[in-house]
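# Overview (structure and organization)
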Amino acid sequence: MTATSLPPGSAPRVRVRAGRLVLYTVLVVATGLFVGPFGWLVLSGLKTPAELAASPVHWLPTHVQWHNFADAFNLIDFLGYARNSLIIATLYATLVTLSSAWVGFGFARLEAPGKKTLFGILIGSMMLPQMITLLPTYLIFAKLGMVDTYWPWVLWGLAAAPYLVFLFRQFFAGLPRELEEAAIVDGCGYGTIFWRIFLPQSWPVLSASFVIAFTWSWGDYIAPQLLLSTDRSTLAVAVMSTYVTSAGTPVANLQAAGSVMYVVPILLIFLVAQRGFVAGMSTSGLK
Amino acid sequence: MHPRAGASLSRRRFLALSAAGGATGAAALSGCAMRVSSGVSGVGETVTVMAKADDFSPELIRQARKDLGVKIVTVRYDITKLIGMMTNGAPPDLVRGVGATDAPYFAARDVMEDLDPYFARSDVLRAGDLDPVNDLWRYDGRTQGKGPRYGMAKDFSQDSMFWYNTALFDEAGVGHPPETEPVTYEEWLEDARRLTRRRNGQTTVFGGSYQGVLTPNLLASLTASAGGNLFTDDFSRIDFTTPEARKALAWYVEYGRSRVGPSIVQPDPNAWDGPTYQAGRMAMSNSGYWLGGLINTDKKLAPLSRLAPAPLFAGGRRVSPCQAGTGFWMPKKAKNKDAAWRVFEWFFGEGPARARASGGWGIPTLKSLRPLMPAREDYQKRVLKVQNAELRHFSVIAFTPYASADSLYALFNQEAPAAMNGHMSVDTLAGRLNSVMNEQLKRGKEQVG
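Residues numbered from 1 in each chain as written. Chains lettered and ligands numbered in written order. Predicted model: local features only at pLDDT ≥ 70, side-chain atom pairs only at ≥ 80, totals over all residues.

We now examine the overall build of chain A. Scanning chain A from terminus to terminus reveals 14 helices and zero strands. Taken from the N to the C terminus, the helices and strands of chain A come in the order α-α-α-α-α-α-α-α-α-α-α-α-α-α. Taking 2.2 N^0.38 as the reference for a compact globule, 287 residues should give roughly 19 Å; the C-alpha atoms of chain A span a radius of gyration of 25 Å, well beyond that estimate. The principal-axis extents of the C-alpha atoms in chain A amount to approximately 80 × 70 × 30 Å. Counting all 287 residues of chain A, 37% fall into the buried class. Here the contacts in chain A between residues at least 6 apart in sequence split such that 78% fall between residues at least 24 apart. (Helix = DSSP H or I, 4+ residues; strand = E, 2+ residues; numbered from the N terminus. Rg over C-alpha atoms; globule rule 2.2 N^0.38 Å. Buried ≥ 20, exposed ≤ 12 C-beta atoms within 10 Å, placed from the backbone. Contact = placed C-beta atoms within 7 Å.)

Laid out in structure tokens, this is it:
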């Protein structure tokens, strides 16, 4: 069939289909790029060490080593470390979400001298590399007797996080001023306005903030490594440092299997909260 | 909670509450059981050990409780954390360390406990039973290898030796290196070239890996093998321009440039030689006896593998040092020294030491434990014979106390790639290394005094 024999109106349809084909191809390639490393991690967790080191590369395991996952689970107190991670991440994510919302509300809706400067300092503090503050942080918590406890995460949670403050500020600044004025006329103070009017409106940002904070904390290696003893440490630290031979050299296939199990909770949380997460990012002017 | 009508929150009160909320929350929570578990529980004492996962497994910690009645709490080894703990005046009771480099560094800073009085009292760790490798943990204020003991190695290897896979040598038609006499470094590199296999630009078989434990120790060992010293007599300066050090540096640059093995310009994704050697993709691996712990578990690979003496440079001298001697030391400000020493004795001289000796992952550091080294299979006996002969050539190669090996390693990695990629001559590299490393050593000397 030639183009000239096509019925009227079919050319735009062909163009639409071709456009979709290109779009889907691009999407599949992009998805592959993002999913590829995780897929490789899963495959690495199913190989023997020798197969992992083979050249040319063995893309698929010759004999699938399912037991690697059981070994990775049993070699360390996986559930114990996961519990520690869960406690720390939930505690921190909950507190920092609420405190950041509180601070973000203040910056968005209240006027005070030096507000802009303060906000600038707050945002500027995001540029401070964590490495610089490591030793002073340790010393402060050591002096306060908080080393080897979960108190640092409580304090960090109560102190709000600059990026999340920015997220909430953007969202709250976008809400109509009439809402606030009507509430003041009805006799509400700012605490009530925040708690009963603004916070319930911000579920998408709350959700995004919780996911971001939970992921930060779940994935953080440095703080638990620095502040907690081995037994009280987190899964991130255990997975990175415990799958080793008697000589201390890494066992890569068990590390891969352990890492797959380590990221599963994050994936689940994201799957559950993704709608809110995307909405939160798009309604706060950050899309 | 419903707001009281008329009790509106002013801006001032809002801001005040923001500040007070945190403090109140923290104060309220302080009554909660935030401590995940209590410190000491039950009978006995608690010893805090800064270690890596392979040093103190949960089983070993349980065994210590059973054998000694001591509770061991481990914190993962981390130099930032160690500095933080020491600065705070509450260091661990025992700390993991690399004798070859950490002993002079920390001893010179006067943070290590002199363990001579403890050794003198011990029935478990007797001076006559200590292998000479433990001298890596001695420092007299000027030279490593002499003076008081500050720690002990848990096991060791002579890290300039190398393993080779006879099947890959046979495939390439290359004669096997002798097991009794050392080859020269020049011969080793030539063999590595002939053994290397490439396909489509990818290295499918590394002819040989020669990276040492940490590059600064490796370069010090190579220089000693060429007949010289990398450091000046007072260890305050480094000199890569002496004929011996230059020879060692030129050889190592050529090793990297020739791409016969993993290096900073051609890293092995496996990060260490074990998996690559086990996969039949590495003909020679510069690993000491300890790699036998892995090789012995592979019944196909073990009979094909041989251990060879440390090479030497043509016209150089035969030395076979230990570049690590990893073990433990006791900080001077440790809170629980007696209990820590009991753990020390147990770890280095009792059950755990016997288990390590029979595991084949290193040579025991007590002479009396040597009969426990694996020698059941023929290939194990063969390896042991080579290893025992090599012990005669052991010597301590002293390291500078004025810089950590890690800092010198970072400086080397910053400068050397240009030379290994052919963009810089060895002489220029030697000059640059002298410049940046001596600056680092100068700062260290100022700190130590």
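Every contact between the two is made by 48 residues of chain B and, on the other side, 44 residues of chain A. Counting residues per element, the ones that place at least two in the side of chain B that touches chain A are α1 (11-29), β2 (71-76), α3 (79-87), β10 (202-205), α10 (273-278) and α11 (292-295) of chain B. Tallied by class, residues from the side of chain B that touches chain A come to 22 nonpolar, 18 polar and eight charged. (Nonpolar A, V, L, I, M, F, W, Y, C, P; charged D, E, K, R; others polar.)

Here the focus is the UniProt feature "transmembrane region" (unreviewed entry) in chain A. Per the UniProt entry, the sites bearing "transmembrane region" (unreviewed entry) are residues 21-43, 86-107, 119-141, 153-172, 205-223 and 260-278 of chain A in this numbering. As a span, residues 205-223 of chain A carries 89% helix and 0% strand, and end to end its C-alpha atoms are 26 Å apart. (UniProt positions renumbered as here; feature names shortened; annotations may be inferred.)

In this section: the packing of helix α4 (residues 78-109) of chain A against helix α11 (residues 203-219) of chain A. Residue and element names in this part refer to chain A. It is the contact of α4 with α11, at a shortest axis distance of 8 Å, that shows an interaxial angle of 140 degrees. With respect to their mutual orientation, α4 and α11 come out oblique. In this structure, the crossing between α4 and α11 has a hand that is right-handed. Contact residues: α4 offers S85, I88, A89, Y92, A93, V96, T97, S100 and A101, while α11 offers L206, S209, F210, A213, F214, S217 and W218. Here the contact of α4 with α11 is built from residues that sort into 11 nonpolar, five polar and no charged. (Axes fitted to C-alpha atoms, helices over the stretch in contact; angles between N-to-C directions. Parallel < 35°, antiparallel > 145°, perpendicular 65-115°, else oblique. Left-handed = near helix turned anticlockwise from the far one by under 90°.)

Time to look at the UniProt feature "domain: ABC transmembrane type-1" (unreviewed entry) in chain A. Within the UniProt annotation, "domain: ABC transmembrane type-1" (unreviewed entry) is assigned to residues 82-273 of chain A. Across residues 82-273 of chain A one finds 76% helix and 0% strand; the C-alpha atoms that close the span lie 20 Å apart.

This brings us to helix α14 (residues 378-390) of chain B. All names here are of chain B. Taking 1.5 Å per residue as the helical rise, α14 with its 13 residues ought to reach 18 Å, and the 19 Å between its terminal C-alpha atoms agrees with that figure. Burial in α14 covers these residues: Y379, V383, Q387 and E390. Projected onto a plane normal to the axis of α14, the buried residues spread over an arc of 65 degrees and lie on a single side. In α14, the exposed positions angled more than 90 degrees off the buried face are occupied by D378, K381 and N388. (Expected span 1.5 Å × (residues − 1). Arc of directions from axis to C-beta.)

This part covers the domain arrangement of chain B. Residues and elements named next belong to chain B. Entries for chain B in the domain assignment read domain 1 (46-157 + 323-384) and domain 2 (162-318 + 402-448). One C-alpha centre belongs to domain 1, the other to domain 2, and the line joining them spans 27 Å. Listed by partner, the interface residues are 17 residues for domain 1 and 17 residues for domain 2. Per-element accounting of the side of domain 1 that touches domain 2 gives the leading share, four residues, to helix α4 (residues 99-108). Across the side of domain 1 that touches domain 2, the residue classes tally to nine nonpolar, seven polar and one charged. (Domains from an automatic or database assignment.)

Right, let's talk about the pairing of β10(B) for a bit. Residue and element names in this part refer to chain B. When strand β9 (residues 197-199) meets β10, the two strands line up antiparallel, connected through three bridges. Bridging across to β10, R199 finds its partner in Q202. Hairpin remark: β9 followed by β10, antiparallel, with two residues in the connecting loop; positive phi at N200, about 50 degrees. (Pairing = 2+ DSSP bridges.)

Here the focus is the sheet that holds β2(B). Residues and elements named next belong to chain B. Read across the sheet, five strands follow the order β2-β1-β3-β13-β6 without closing on themselves; strand pairing throughout is mixed. The sheet is open, and its two edges are formed by β2 and β6 (151-153), each paired on a single side. Neighbour-to-neighbour, the strand axes of the sheet open up by a mean angle of 25 degrees, direction not taken into account. Across three bridges, the pairing between β6 and strand β13 (residues 326-329) is antiparallel. For M152, the partnering residue across the bridge sits in β13 and is F328.

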